[in-house]
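# A structural walkthrough
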Amino acid sequence: MDRPLALLEPMDMPDRFFPMKIHYCTAKEYGKTLFTHHWHNHMEFLYFTKGSALIELNSVPYEVQAGEMVVVNSNDLHYGVCLSDDLVYYAMIVDIKLLQSQTPDAVETKFITPITQNQIMFASKISGDPEITECATSLIREMDERELGYELSIKSYLYRLLAILLRRYGKDTLSPEESLYRLKNLERFTPIFQYIEEHYQEELSVDLLAGLAGLSRFHFSRLFKELTARTVTEYVNTLRINKSEYLLRNSRMNISEIALSSGFKDIYYFSR
């Protein structure tokens, strides 16, 4: 295992002096994986304009529709699956340090720094908020058109977006110690999540995975459930079911072939 940060998505920015980027994303196959499990230090806003999807954040599933937004807080472990035949969404990725001040003013000390340190976090799914929708569509338009002063406009909409999130969608936050503890465990378990993604068709025992992590079976199982809210068996079976659902809808394989291809050795267990 020579990839200790394999799930830490690199975040190269087109303009390092203005660290924000927006991806226009589409999918046209029900059950298609939009992105595998990964995490990153930047905040990300997923704004959906057509179709529906299932987005998992820290193993909590959220079904989202057109007009809704998913907020990916820094260091959230996330995963996505398409739930329609015509999906369109925008992935807006921003380094919140873009909003930091040169001097430690009230905005910096009360809000921006705590957000970058996960001491302020936001709800994961936002629905039916016209002001959030306006911020999202305005950010997309400004980044697309890039008229004179678009950087000023984008920063203003980001500040507006964070203000709305703070007022309406704040959630329980982590202390600095809790944030650091979670980050260290994410880094430690990154190669484990990657190994499961690459070897889900094989036999995956707790003992095998614990050995890869260099932990006892008990300590590994406890930390794994802290990070994912699932046991190893539940996590692996969910991944296999997602893979098999895609094959059921988008291949000509029969049930037995799909079961074996997805890592289920017992066709009756798979069917149940």
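Residues numbered from 1 in each chain as written. Predicted model: local features only at pLDDT ≥ 70, side-chain atom pairs only at ≥ 80, totals over all residues. Heavy atoms only, no water.

Our focus in this paragraph is helix α7 (residues 232-250). With 19 residues, α7 should reach 27 Å at 1.5 Å per residue; the first-to-last C-alpha distance of 27 Å fits that figure. Those residues of α7 not exposed but buried are V232, Y235, V236, N237, L239, R240, N242, K243, S244 and L247. (Helix = DSSP H or I, 4+ residues; strand = E, 2+ residues; numbered from the N terminus. Expected span 1.5 Å × (residues − 1). Buried < 20%, exposed > 50% of the residue type's maximum accessible area, 1.4 Å probe, protein only.)

Read across the sheet, 4 strands follow the order β2-β7-β4-β5 without closing on themselves; strand pairing throughout is antiparallel. If you trace the sheet from one side to the other, it starts and ends with β2 (33-38) and β5 (60-65), each paired once. For this sheet the average axis-to-axis angle between neighbouring strands, irrespective of direction, equals 20 degrees. Direction of pairing for strand β4 (residues 52-57) relative to β5: antiparallel, over a ladder of 6 bridges. By the bridge assignment, S52 is partnered in β5 with Q65. (Pairing = 2+ DSSP bridges. Axes fitted to C-alpha atoms, helices over the stretch in contact; angles between N-to-C directions.)

The biggest cluster of nonpolar side chains holds 32 residues, and the ones touching the most others in it are M20, F45, M92 and L165. Those elements giving two or more residues to this core turn out to be β3 (43-50), β6 (69-72), β8 (87-94), α1 (106-116), α2 (130-145) and α3 (150-168). Of the residues forming this core, the biggest block, 7 residues, is contributed by α3. Apart from the residues lying within four places of it in its own chain, the contact partners of L165 are F45, V71, F122, I126, I132 and G170. Counting residues in each nonpolar core, the second largest holds 25 residues, with W39, F193, F220 and V232 among its members. (Core = buried A, V, L, I, M, F, W, Y, C linked by side-chain atoms within 4.5 Å. Contact = heavy atoms within 4.5 Å.)

β8 sits mainly inside the fold: 8 of its 8 residues count as buried. Going residue by residue along β8, you find L87, Y89, A91 and I93 tucked away on one face and V88, Y90, M92 and V94 tucked away on the opposite face as well. As defined by bridge partners, strand β1 (residues 20-27) adjoins β8 across 8 bridges and the pair is classed as antiparallel. When the sheet's bridge partners are listed, T26 is paired in β8 with V88.

Let us now look at the environment of L209. By the element assignment, L209 lies in helix α5 (residues 206-213). Measuring from C-alpha to C-alpha, the distance between L209 and P191 comes to 9.8 Å, with 18 residues separating the pair along the chain. The residues touching L209, leaving out its near neighbours within four places in the chain, are I192, Y195, I196, L204, F220 and V232.

Turning next to the packing of aromatic side chains. Counting across every chain of the model gives 12 aromatic pairs. Taken together, a centroid distance of 5.1 Å and an interplanar angle of 25 degrees make the contact between F48 and Y89 stacked. Taken as a pair, F48 in strand β3 and Y89 in strand β8 lie far apart in primary sequence, 41 residues in all. Of the two residues examined, F48 and Y89, each falls in the buried class. Among the aromatic side chains, those forming a connected cluster through ring pairs are F189, F193, F220, F224 and Y235. (Phe/Tyr/Trp six-rings, centres within 6.5 Å; stacked < 30°, edge-to-face > 60°.)

Within the open sheet, the 5 strands sit side by side as β1-β8-β3-β6-β10. Their pairing is antiparallel. Two strands lie at the open edges of the sheet, namely β1 and β10 (125-126), each paired on one side alone. Relative to β8, β3 runs antiparallel, the two sharing 7 bridges. Counted as the bridge partner of Y47 is Y90 from β8. The strands that α2 touches are β1, β3, β6, β8 and β10; relative to β1, the one it contacts most, it runs at about 100 degrees.

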